[in-house]
Amino acid sequence: MIDTGHLDAAPDETKKDFDAALIRTHALTQATEALREAPVDLAHVDRITTIGRLTASIAPEVTQSVAAIVTNAQAARHFLNRRPPDLDEVRQALDCIVRDAYRASDVIYRIRGLLKEAAEEGARGD
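Residues numbered from 1 in each chain as written. Predicted model: local features only at pLDDT ≥ 70, side-chain atom pairs only at ≥ 80, totals over all residues. Heavy atoms only, no water.

Q: Would you take a moment to explain the overall build of the chain for this structure?
A: When you go through the chain residue by residue, the secondary structure sums to 2 helices and 0 strands. Burial analysis of the chain (126 residues in total) assigns 10% to the buried set. Long-range contacts, defined as pairs at least 24 residues apart, comprise 69% of the intrachain contacts of the chain with a sequence gap of at least 6. (Helix = DSSP H or I, 4+ residues; strand = E, 2+ residues; numbered from the N terminus. Buried < 20%, exposed > 50% of the residue type's maximum accessible area, 1.4 Å probe, protein only. Contact = heavy atoms within 4.5 Å.)

In structure tokens:
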């Protein structure tokens, strides 16, 4: 049934009813848009949190590898300064440097892979 009650109302009352309905419609539209944006915002916060946790867990491993590289390089220099130089010790130190550099490189490679995967998932909306 069609509401014709407002036809008998004074013109000011009809305008007030219309304005109130317009305000409610606008508020509902804004609330609907906010609800649509909420999952996107939540996913973004989740990605940032995950990257922060990942960084915190991986940083010590990279730092340890770099510290080992520096320590072994200093040892190699020490062995070269001996008279006569201890070339076997230098070779072992250089082997350790290479091993630790590869370990650090592997960690960085895995981080890049995870970040690339996360970026692709974000782009797909997964």
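Q: Just to check I follow, could you spell out the pattern of salt bridges for this structure?
A: Opposite charge on two side chains permits them to pair, given that their charged atoms come into close proximity. As enumerated under the stated definition, the model contains 5 salt bridges in all. With a closest N to O distance of 3.6 Å, Glu61 and Arg110 form a salt bridge. Here Glu61, found in helix 1 (residues 11–81), pairs with Arg110, found in helix 2 (residues 87–124); they are 49 residues apart in sequence, far enough to count as distant. Residue classification places Glu61 among the partly exposed positions, given a relative accessible area of 30%. (Salt bridge = Lys/Arg side-chain N within 4 Å of Asp/Glu carboxyl O.)

Q: Teacher, can you tell me more about unusual backbone geometry here?
A: Most peptide bonds take the trans form, and the phi angle of most residues other than glycine is negative. Of note, the bond from Arg83 into Pro84 is cis; its omega dihedral lies within 30 degrees of zero at -5°. Position of Pro84 among the secondary structure elements: in the loop between helix 1 and helix 2.

Q: So what exactly am I meant to see when it comes to the side chain of Asp100 here?
A: Following the sequence through the fold, Asp100 ends up in helix 2. In this view, Asp100 contacts Ser65, Ala68, Ile69 and Asn72; residues no more than four positions away in its chain are not counted.

Q: Before we go on, may I ask you to explain the environment of Ala93 in this structure?
A: Topologically, Ala93 is positioned in helix 2. Spatially, the C-alpha atoms of Ala93 and Ala75 are 6.7 Å apart, while their sequence positions differ by 18 residues. The contact partners of Ala93, leaving out residues within four places of it in the chain, are Asn72 and Ala76.

Q: Mind showing me how you'd approach the environment of Leu87 here?
A: If you trace the backbone, Leu87 turns up in helix 2. Judged by relative accessible area, which is 42%, Leu87 ranks as partly exposed. Taking the C-alpha atoms as reference points, Leu87 and Ala76, separated by 11 residues in sequence, lie 8.7 Å from one another.

Q: Would you mind showing me how to read the side chain of Asn72 here?
A: Within the secondary structure layout, Asn72 lies in helix 1. Excluding its chain neighbours within four sequence positions, the residues that come into contact with Asn72 are Ala93, Cys96, Ile97 and Asp100.

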